[in-house]
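Descriptive structure summary
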Amino acid sequence: MRRSSTFARQVLLVRVGRRDGAVPGNDLVVPDHRYADRQRRRYGRFDRNEVEAIMPVSPALAPTSPVDDGPAMSIPLLPGERTAARRMKFALVNACTLSSLMLGMLAIFLAMQGEVRVAALCLIACVVFDGLDGALARKLGVASPFGAQMDSLADMCSFGLAAPVVVYASLAGSAPAAAAAVACALVAACAAIRLARFNVSPKDGRFFCGVPTTMAAAVLALTVAIGLPVSGLVLVAGVALLAFAMVSSFPYAKLARLLRLPPWLWLAPVVGALVDIRLTFALVVVGYLVSGPLLWLHQRRTA
């Protein structure tokens, strides 16, 4: 026991009660060389560098590596050439993003005053500007990480907050307030999850993973604008279903892929809209929501 305690004290290099040769203000001492040969015979050879690697260090000691106190370098918002023309293009694209954000705020204010139809039209304008800024950024060659983050934040404000506020205002008096609040809160929460997941997930050129936030907001805005003739509880259930569809893993076709469908498939909803726009809109939305699980089952069978 005595030899073991001596060896442990030497390996940890911590002074425990020594008085001879003590250095004031220092708790670390060099191992006693009188026991070096004894420890090599009993425990084998050990390297001093390995011992120093496990040496306990006092928190009061200064760091051995110097701290980098150099000035932080700013990252340009617009990569590439910083010409006046590219800056004007960059400003135009971000102006579209901010327009979508401001229209979302206007939709909230209008919904608070009871103007739900006008607020829904503002949300539809938000959808237009949201698609316009991305298209302009790619067309003008000024796409940037800053623009992507701006677009995501504007989408959260316009589609994750303004859209459920407008829907909640439209459900006043036709559905229980608690149920409407829960459904609209689900839209906000699922929109935040959907946007965060989209920012960090690899992009697929053919399908969306879950219903896009922009499309969900467009469905909600059109539902309020045209006034579907269904009960308030049915609308609440549809809003909750749409919220869960945003965070689902079902593949949903992108608009560019839908445009490649045969023309006769587009003729049916156009004719239906002339006959009964509300019923046609409801059937198109239901068909799109069902297409995700069907595509998922098809991919699992063919995999």
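Here's a quick rundown of the structure.

Secondary structure summary: the chain contains twelve helices and two strands in total. The order of helices and strands in the chain, counted from the N terminus, is α-α-α-α-α-α-α-β-α-α-β-α-α-α. Among the 303 residues that make up the chain, the fraction classed as buried is 30%. Put simply, of all contacts in the chain between residues at least 6 apart along the chain, 76% involve residues at least 24 apart. Of the roughly 19500 Å² of accessible surface on the chain, 67% is carried by carbon and sulfur atoms.

We now examine a nonpolar patch on the surface. On the surface, a nonpolar cluster with roughly 650 Å² of combined accessible area is contributed by L255, L259, L261, W264, L265 and W266. Tracing the chain through its elements places L259 in the loop between α10 (255–258) and α11 (263–275).

Looking now at the side chain of S158. Its location among the elements puts S158 in helix α6 (residues 145–170). Exposure remark for S158: the relative accessible area of 0% places this residue in the buried category.

So, about the nonpolar core. Nonpolar side chains in soluble globular proteins generally cluster together in the buried interior. In terms of nonpolar packing, the biggest core is built from 47 residues, with L123, V166, V167, V211, L220, M246 and L289 touching the most fellow members. Counting only elements with at least two residues in this core, the list comes to α4 (84–112), α5 (116–140), α6, α7 (177–200), α8 (213–226), α9 (232–246) and α12 (277–302). Counting residues per element, this core draws most heavily on α8, at nine residues. Dropping the residues within four chain positions of it, L289 is found in contact with V211, L241, L242, A245 and Y252. Judged by nonpolar contacts, the second largest core, of five residues, contains F90, V93, A137 and V142.

It is worth spelling out α12 at this point. The terminal C-alpha atoms of α12, which comprises 26 residues, lie 37 Å apart, in line with the 38 Å expected from a rise of 1.5 Å per residue. In α12, a bend of some 25° at S291 exceeds every other bend along the element, and P293, a proline, comes one to four places later. All of the buried residues in α12 are T280, F281, V285, Y288, L289 and G292. A distance of 3.3 Å separates the backbone nitrogen of R278 from a side-chain oxygen at the start of α12, and that oxygen is part of D276.

This brings us to the environment of A91. Following the sequence through the fold, A91 ends up in helix α4. The partly exposed category is assigned to A91, whose relative accessible area is 41%. Along the backbone, A91 and V142 are 51 residues apart, and their C-alpha atoms lie at a distance of 9.5 Å.

Let us look at the packing of α8 against α9. Axis separation between α8 and α9 bottoms out at 10 Å; the angle between their running directions is 170°. As judged from the angle between their axes, α8 and α9 are roughly antiparallel. Across from T213, A216, V219, L220 and T223 in α8, the residues of α9 making contact are L235, V239, L242 and M246. Residue composition of the contact of α8 with α9, grouped by class: seven nonpolar, two polar and no charged.

Next up on the list: the packing of α6 against α8. At their nearest, the axes of α6 and α8 sit 10 Å apart, and the two run at 25° to each other. As far as their axial angle goes, α8 and α6 are roughly parallel. Crossing hand, α6 versus α8: left-handed. Here D155, F159, A163, V166, V167 and S170 of α6 come into contact with α8, specifically with T213, T214, A217, L220 and V224. Per-class residue counts for the contact of α6 with α8 are seven nonpolar, three polar and one charged.

Right, let's talk about the packing of aromatic side chains for a bit. Enumeration over the complete set of coordinates arrives at three aromatic pairs. Summarising the aromatic geometry, the rings of F90 and F146 are spaced 5.9 Å apart at their centres and angled 40° between planes, so their arrangement reads as tilted. Placement of F90 in helix α4 and of F146 in helix α6 is noted, with a sequence separation of 56 residues between them. Here Y252 and Y288 contribute two aromatic rings whose centre-to-centre distance is 5.2 Å and whose plane-to-plane angle is 35°, an arrangement assigned as tilted. One end of the pair, Y252, is in strand β2 (residues 251–253); the other, Y288, is in helix α12, with 36 residues separating them in the sequence.

Of note, A137 is situated in helix α5. Residue A137 is classed as buried on the basis of its relative accessible area of 10%. Residue contacts for A137: discarding those within four places in its chain leaves V93, V142 and A143.

So, how was this worked out
Here the residue numbers are simple positions, counted from 1 along each chain's written sequence. Predicted model: local features are reported for residues with pLDDT of at least 70 only, side-chain atom pairs are reported and counted for 80 or more only, and whole-chain, interface and lining totals are derived from all residues. Heavy atoms throughout the structure, all of them, feed into the side-chain values; hydrogens and water do not. Here a strand is any run of E in DSSP of at least two residues, a helix any run of H or I of at least four, and the numbering for each starts at the N terminus. Whether a residue is buried, partly exposed or exposed follows from its accessible area with a 1.4 Å probe, protein chains only, as a fraction of its type maximum: under 20%, in between, or over 50%, in that order. Only heavy atoms enter the contact rule, under which two residues are in contact if any of them lie within 4.5 Å. Method for areas: the Shrake-Rupley scheme with a 1.4 Å probe, in which residue coverage is limited to the protein chains shown. Patch construction takes residues with relative accessible area above 30% that form no salt bridge. Like charges are linked within 9 Å, and nonpolar side chains (Val, Leu, Ile, Met, Phe, Trp, Tyr) are linked within 5 Å. What counts as a salt bridge is simple: a side-chain nitrogen of Lys or Arg found within 4 Å of a carboxyl oxygen of Asp or Glu. In this description, a nonpolar core means a group of buried Ala, Val, Leu, Ile, Met, Phe, Trp, Tyr and Cys residues linked to one another through side-chain atoms lying within 4.5 Å. In this scheme, a helix's expected span is set at 1.5 Å multiplied by one less than its residue total. Note on bend: the value at a residue is the angle between axes fitted to the seven residues ending there and to the seven starting there. Any pair of N or O atoms that falls within 3.5 Å is considered a polar contact. Within protein, one atom must be able to donate a hydrogen and the other to accept it, and sequence-neighbouring residues count only if both atoms are side-chain atoms. To obtain each axis, a line is fitted to C-alpha atoms, and for helices this fit is confined to the stretch in contact; angles are then taken between N-to-C directions over 0 to 180 degrees. An angle below 35 degrees is treated as roughly parallel, one above 145 as roughly antiparallel, one from 65 to 115 as roughly perpendicular, and anything else as oblique. Under the scheme applied here, ten amino acids are nonpolar (Ala, Val, Leu, Ile, Met, Phe, Trp, Tyr, Cys and Pro), four are charged (Asp, Glu, Lys and Arg), and all others, including Gly, are polar. The sense of a crossing depends on the near helix, which, turned anticlockwise from the far helix by less than a right angle, makes the crossing left-handed and, turned clockwise, makes it right-handed. Here a pair means two rings of Phe, Tyr or Trp (six-membered ring of Trp) with centres within 6.5 Å. Their orientation is stacked below 30 degrees between planes, edge-to-face above 60, and tilted elsewhere.

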